[in-house]
Amino acid sequence: MSLEDTELPRTEDEWRVRLTPEEFRVLREAGTERPFTGEYVDTKTPGVYHCRACGLELFSSDTKFDSHCGWPSFDDAIPGRVREIEDRTLGMVRTEIRCARCDSHLGHVFRGEGFTDKDTRHCVNSVSIRLEPR
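Residues numbered from 1 in each chain as written. Predicted model: local features only at pLDDT ≥ 70, side-chain atom pairs only at ≥ 80, totals over all residues. Heavy atoms only, no water.

Caption draft 1: Representation of the UniProt feature "domain: MsrB" (unreviewed entry) in the protein chain in the model. The positions that UniProt labels "domain: MsrB" (unreviewed entry) are, in the present scheme, residues 12-134. The annotated region residues 12-134 carries 11% helix and 34% strand content, and the separation between its end C-alpha atoms amounts to 32 Å. (UniProt positions renumbered as here; feature names shortened; annotations may be inferred. Helix = DSSP H or I, 4+ residues; strand = E, 2+ residues; numbered from the N terminus.)

Written out as structure tokens, the structure reads:
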């Protein structure tokens, strides 16, 4: 179920009402769930992963792979659905990924690791996404 742009919360207080405390911490405050604890770390179910905050389709299960990093990993996002921003927290430079519709935090993207032919790993918090099985 995807929210229309006009239905999206306008304030963080409105998001807080719609999301669980853990979802709010990760999606709206750029938190991270503990590794190997998320519901989609080992999931192999075919389908599409949506933003848990607004319902936008973000990743196909066809792009999910086992990176053994502790979070679900995808080597590609649905074009135009994920935006990247520089993240200089924790004393390093990384690339944060956010939902293109509602600007919720999803995780980080890493390149050059050699896991897949696309050489890209979108490292995503399970609490940031919801699987719609095929």
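Caption draft 2: Summary view of the sheet that holds strand 1 (residues 47-51). A sheet is described by the order of its strands in space; here three strands give the open sequence 2-1-9, paired in antiparallel fashion. Lying at the two open borders of the sheet, with one neighbouring strand each, are strand 2 (57-60) and strand 9 (129-133). Sheet twist, expressed as the average angle between the axes of neighbouring strands with direction ignored, equals 30°. In this sheet, strand 2 lies alongside strand 1 in antiparallel orientation, the contact comprising three bridges. For Val48, the partnering residue across the bridge sits in strand 2 and is Ser60. (Pairing = 2+ DSSP bridges. Axes fitted to C-alpha atoms, helices over the stretch in contact; angles between N-to-C directions.)

Caption draft 3: Main features of the sheet that holds strand 8 (residues 120-124). Taken in spatial order, the six strands of this open sheet run 3-4-8-7-6-5, and their pairing is antiparallel. Looking at the sheet topology across the chains shown, the edges are occupied by strand 3 (64-65) and strand 5 (82-87). Pairing analysis gives two bridges linking strand 3 to strand 4 (residues 73-74), with the strands arranged antiparallel. Across the sheet, the residue bridging to Lys64 is Phe74, located in strand 4.

Caption draft 4: Seen up close, the environment of Val82. Mapping Val82 onto the fold places it in strand 5. For Val82, a relative accessible area of 18% translates into the label buried. With 31 residues separating them in the primary sequence, Val82 and Glu113 have C-alpha atoms 20 Å apart. Other than its neighbours up to four places away in sequence, Val82 contacts Leu58, Phe59, Ala77, Ile97, Arg98, Ala100 and Leu106. (Buried < 20%, exposed > 50% of the residue type's maximum accessible area, 1.4 Å probe, protein only. Contact = heavy atoms within 4.5 Å.)

Caption draft 5: Highlighting the nonpolar core. Ranked by internal contacts, the top residues of the largest apolar core, which has 24 residues, are Cys51, Leu58, Phe59 and Cys102. For Phe59, the contacting residues outside a window of four places in its chain are Gly47, Val48, Tyr49, Phe74, Asp76, Ala77, Ile78, Val82, Ile97, His122 and Val124. (Core = buried A, V, L, I, M, F, W, Y, C linked by side-chain atoms within 4.5 Å.)

Caption draft 6: Inspection of the side chain of Thr120 at higher detail. With respect to the helices, strands and loops of the structure, Thr120 is situated in strand 8. A distance of 3.0 Å separates a polar side-chain atom of Thr120 from the backbone oxygen of Lys118. Setting aside chain neighbours within four positions, we find Thr120 in contact with Phe65, Phe74, Asp75, Val109, Phe110 and Arg111. (Polar contact = N/O pair within 3.5 Å; in protein donor to acceptor, adjacent residues only side chain to side chain.)

Caption draft 7: Structural context of the packing of aromatic side chains. Under the defined criterion, the tally for this structure stands at four aromatic pairs. Between Tyr40 and Tyr49 the ring centres are 5.3 Å apart and the planes differ by 85°, which places this aromatic pair in the edge-to-face class. Here Tyr40 falls in the buried class, since its relative accessible area comes to 8%. Ring geometry for Phe65 versus Phe115: centroids 5.9 Å apart, planes at 40°, classification tilted. On the criterion of sequence distance, the pair formed by Phe65 in strand 3 and Phe115 in the loop between strand 7 (105-111) and strand 8 is long-range, its members being 50 residues apart. Classification of Phe65 by relative accessible area gives buried; the value is 15%. In textbook terms, an aromatic cluster arises when at least three aromatic residues are bridged by ring pairs, as seen for Tyr40, Tyr49, Phe59 and Phe74. (Phe/Tyr/Trp six-rings, centres within 6.5 Å; stacked < 30°, edge-to-face > 60°.)

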